[in-house]
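Residue-level listing of the chains:
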Amino acid sequence: MQKPLILVTNDDGITAPGLRALVRYMKAIGEVVVVAPDSPQSGMGHAITLDSTLYSKKITIGLENGGHEEYSCSGTPADCVKLALQEILGRKPDLCVSGINHGSNSSINVIYSGTMSAAIEAGIEGIPAIGFSLCDYSWEANFKPAEIAIKKIVEEALSNGIPKGVVLNVNIPKTNNGEGLKGIKVCRQARANWKEKFDKRTNPMGKDYYWLTGEFELLDKGEDTDEWALSNGYISVVPTQFDLTAHHVIQDINSWSLNE
């Protein structure tokens, strides 16, 4: 049987250790093609390049490149997926995986995530897609404890399929060499936000500049959320939809006097 074709991308850049780990894991499952940003693109959300040119080149990174193709792209994570589907891949991939992100994309963070936006772009094109994130921002983060779970999630997705219009958002808690990792929970996105402020400074030329800072504020006490799962040692799997329609309020808004 033909091996499944797996498109691998991310938002931390093509040299990021998280992506290198994901490439190794996916090569044990299928045929891998990597198309990823040539530099970090964290927090880009679903931005695409419209007013400047895109560049892509075939590259080789270390000995692990043997047996699969890799391409760096000057654009955003969503650009990478668009370019892969339209210009690089010879056939439609069976799956797109994005990550492994250095840092959490749980709860409200999914809105800003370049990792998840790459997966969502694939989902929009009808390709089953999964975004993977590890709750550790360190460049030296240990991805090895999550290898078995990541492979299991991917194999199950390939075997059972992911419903159309849905992309899986997978977050992995930080552990000490896997100690305390209890399993996998399918759950909902926790209600939370960022309590933000700007740190205003002045440069030597007298010009003001700003650094965005903030604290994560969890507003949800439910035990069926991604934040609860992660804080209790579970890998969270949130089925995420890119249809943003609030279907449950259509009837209420239709009661407004909009056409009078």
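This text follows the structure it describes.
Given the structure is predicted, the values throughout are model-derived calculations rather than measurements.

### Considerations on the overall build of the protein
Part 1 of the argument: Of regular secondary structure, the protein possesses six helices and eleven strands.
Part 2 of the argument: Taken over the C-alpha trace, the protein has a radius of gyration of 19 Å; the compact-globule value for 260 residues is 18 Å, and the two agree within 12%.
Part 3 of the argument: The principal-axis extents of the C-alpha atoms in the protein amount to approximately 60 × 55 × 50 Å.
Part 4 of the argument: When burial is assessed residue by residue, the protein has 45% of its 260 residues classed as buried.
Part 5 of the argument: Within the protein, residue pairs in contact and separated by at least 24 positions form 77% of the contacts whose partners lie at least 6 positions apart.
Part 6 of the argument: Of the roughly 14300 Å² that the protein leaves accessible, carbon and sulfur atoms contribute 52%.
Part 7 of the argument: If you average the places of the 24 positive and of the 32 negative side-chain charges in the protein, the two averages end up 4 Å apart.

### Topic: the nonpolar core
Part 1 of the argument: Formed by 34 residues in total, the largest nonpolar core has its most connected members in V8, M26, V97, I130 and F132.
Part 2 of the argument: Contributions of two or more residues to this core are made by β1 (5-9), α1 (17-27), β2 (31-37), β5 (95-102), β6 (129-134), α4 (147-160), β7 (166-172) and β11 (234-241).
Part 3 of the argument: Ranked by residues supplied to this core, first place goes to α1 with six residues.
Part 4 of the argument: When residues no more than four places from it in sequence are discounted, the contact partners of F132 are L22, V97, S98, G99, I100, N101, T115, I150, I153, V154 and V170.
Part 5 of the argument: The next biggest cluster of nonpolar side chains, apart from the first, holds 22 residues, and it includes L83, V110, M116 and I127.

### Some points on the side chain of H68
Part 1 of the argument: Relative to the helices and strands, H68 resides in the loop between β3 (56-59) and β4 (69-73).
Part 2 of the argument: A polar contact of 3.3 Å, which involves the side chain of H68, links it to the side chain of K27.
Part 3 of the argument: Here the side chain of H68 touches E70 through a polar contact of 2.7 Å, side chain to side chain.
Part 4 of the argument: For H68, the residues in contact, after removing those within four places along its chain, are V23, K27, V32 and V34.

### Looking at the packing of α1 against α4
Part 1 of the argument: One way to put it is that α1 packs onto α4 with a least axis distance of 10 Å and a crossing angle of 55°. It follows from the interaxial angle that α1 and α4 lie oblique. Considering only the axes of α1 and α4, their crossing is right-handed. Every residue of α4 that contacts α1 at L22, Y25 and M26 is listed here: E147, I150, K151 and V154.
Part 2 of the argument: Partitioning the contact of α1 with α4 into residue classes produces five nonpolar, no polar and two charged.

### Brief notes about the sheet that holds β3
Part 1 of the argument: Spatial ordering of the open sheet is given by β3-β4-β2-β1-β5-β6-β7-β11-β8, a layout of nine strands whose pairing is mixed. The sheet terminates laterally at β3 and β8 (183-186), the two strands that pair on one side only. Each adjacent strand pair in this sheet contributes to an overall mean axis angle of 20°, direction not counted.
Part 2 of the argument: Alignment of β5 against β6, held across five bridges, turns out to be parallel. Considered in β6, the bridge of C96 is made with A129.

### Points about α4
Part 1 of the argument: Helix length check: α4 (14 residues) gives 20 Å between terminal C-alpha atoms against 20 Å at 1.5 Å per residue, within 8%.
Part 2 of the argument: What α4 keeps buried is the set E147, A149, I150, K151, I153, V154 and A157.
Part 3 of the argument: For α4, the elements touching its buried residues are α1, β5, β6, β7, β8 and β11.
Part 4 of the argument: Just past α4, the residue G161 takes up positive phi, approximately 80°.

### Topic: the side chain of D226
Part 1 of the argument: Within the element layout of this structure, D226 appears in helix α5 (residues 226-231).
Part 2 of the argument: One buried charge, D226, has no salt-bridge partner; the nearest side chain with opposite charge is R188, at 7.3 Å.

### A short note on the packing of helix α2 (residues 77-88) against helix α3 (residues 114-124)
Part 1 of the argument: One can describe the packing of α2 onto α3 by two numbers: an axis separation of 7 Å at closest approach and a directional angle of 30°. What the angle tells us is that α2 and α3 run roughly parallel. Where α2 crosses over α3, the handedness of that crossing is right-handed. Of the residues in α3, those in contact with P77, A78, V81 and K82 of α2 are G114, A118, E121 and A122.
Part 2 of the argument: In terms of residue class, the contact of α2 with α3 is built from five nonpolar, one polar and two charged.

The rules behind each value
Residues numbered from 1 in each chain as written. Predicted model: local features only at pLDDT ≥ 70, side-chain atom pairs only at ≥ 80, totals over all residues. Heavy atoms only, no water. Helix = DSSP H or I, 4+ residues; strand = E, 2+ residues; numbered from the N terminus. Rg over C-alpha atoms; globule rule 2.2 N^0.38 Å. Buried < 20%, exposed > 50% of the residue type's maximum accessible area, 1.4 Å probe, protein only. Contact = heavy atoms within 4.5 Å. Areas by Shrake-Rupley, 256 points an atom, 1.4 Å probe, with all protein chains shown as cover. Lys, Arg positive; Asp, Glu negative; His and termini not counted. Charge placed at Lys NZ, Arg CZ, Asp CG, Glu CD. Core = buried A, V, L, I, M, F, W, Y, C linked by side-chain atoms within 4.5 Å. Polar contact = N/O pair within 3.5 Å; in protein donor to acceptor, adjacent residues only side chain to side chain. Axes fitted to C-alpha atoms, helices over the stretch in contact; angles between N-to-C directions. Parallel < 35°, antiparallel > 145°, perpendicular 65-115°, else oblique. Left-handed = near helix turned anticlockwise from the far one by under 90°. Nonpolar A, V, L, I, M, F, W, Y, C, P; charged D, E, K, R; others polar. Pairing = 2+ DSSP bridges. Expected span 1.5 Å × (residues − 1). Salt bridge = Lys/Arg side-chain N within 4 Å of Asp/Glu carboxyl O.

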